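What follows is each chain in one-letter form.
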Amino acid sequence: MAAKTERAFKVVADNRKARFNYEIGDIFEAGIALTGTEVKSLRAGRASLADGFAQISDGEVWLHNVHIPEYTLGTWTNHVPRRTRKLLLHRGEIERLDRKTTEQGLTLVPLSLYFKDGKVKVELALARGKRTYDKRQDLARRDAAREVDRVLRRRR
């Protein structure tokens, strides 16, 4: 049998605001410990990473403020939508993240939540907050590039 070369990705939630508010550094992929109803709710495509962040405490990485709504067909076993969830990373990765966040003042921000080969993964980034003038410069750069594209399209 031939080995699988293509990976199946199904993006559930994307944190577009993070790329605007933060300068993104290193990116890590982490597993996430979930309950059954949380996975079912994610399979339905429902989640929000808008206010999410990760924190390291006692040698473990925890994801805070990620909203996974209750599963509509769930019973009394349903989960709490904004509970703190454990992220699954290797010990070396956790130590590296801990060093970078304490020494350099970086923040751990979730960028996306997706399924990879049937397992839920979180794309976690080391990020530094942007100042307002940085955000304005990015917007000006983007507007200028958009205007150049418009002019080039008209010329064709």
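Residues numbered from 1 in each chain as written. Predicted model: local features only at pLDDT ≥ 70, side-chain atom pairs only at ≥ 80, totals over all residues. Heavy atoms only, no water.

Chemist: Which residues make up helix H3 (residues 91-104), and what are the values?
Modeler: With 14 residues, H3 should reach 20 Å at 1.5 Å per residue; the first-to-last C-alpha distance of 20 Å fits that figure. Those residues of H3 not exposed but buried are Ile94, Leu97 and Thr101. Burial along H3 is one-sided: seen end-on, the buried residues are contained in an arc of 65 degrees. Facing away from the buried side of H3 by over 90 degrees, the exposed positions are Arg91 and Glu103. Buried positions along H3 lie against strand E2 (22-32), strand E3 (53-57), strand E4 (60-64), strand E6 (107-116) and strand E7 (119-129). Immediately beyond the C-terminal end of H3, within one or two residues, lies glycine 105, with a positive phi of roughly 65 degrees. (Helix = DSSP H or I, 4+ residues; strand = E, 2+ residues; numbered from the N terminus. Expected span 1.5 Å × (residues − 1). Buried < 20%, exposed > 50% of the residue type's maximum accessible area, 1.4 Å probe, protein only. Arc of directions from axis to C-beta. Contact = heavy atoms within 4.5 Å.)

Chemist: Outline the pattern of salt bridges, listing residues and values.
Modeler: Applying the stated rule across the entire model yields nine salt bridges. The salt bridge involving aspartate 26 is made with lysine 100; its shortest N-O contact spans 3.5 Å. Within this pair, whereas aspartate 26 is found in strand E2, its partner lysine 100 is found in helix H3, the two being separated by 74 residues in sequence. For aspartate 26, a relative accessible area of 29% gives the class partly exposed. Across the salt bridge formed by aspartate 138 and arginine 141, the nearest N and O atoms sit 2.9 Å from each other. In this pair, aspartate 138 and arginine 141 are both assigned in helix H4 (residues 132-155), three residues apart and thus about one turn of the helix distant. Using a relative accessible area of 53% as the deciding quantity, one classes arginine 141 as exposed. Here the salt bridges do not stand alone but share partners, grouping Asp26, Arg96 and Lys100 into one network. (Salt bridge = Lys/Arg side-chain N within 4 Å of Asp/Glu carboxyl O.)

Chemist: Requested: an account of the side chain of threonine 37, with residues and values cited.
Modeler: By the secondary structure assignment, threonine 37 is in helix H2 (residues 36-43). The buried category is assigned to threonine 37, whose relative accessible area is 11%. Apart from the residues lying within four places of it in its own chain, the contact partners of threonine 37 are Tyr71, Thr77, Asn78 and His79.

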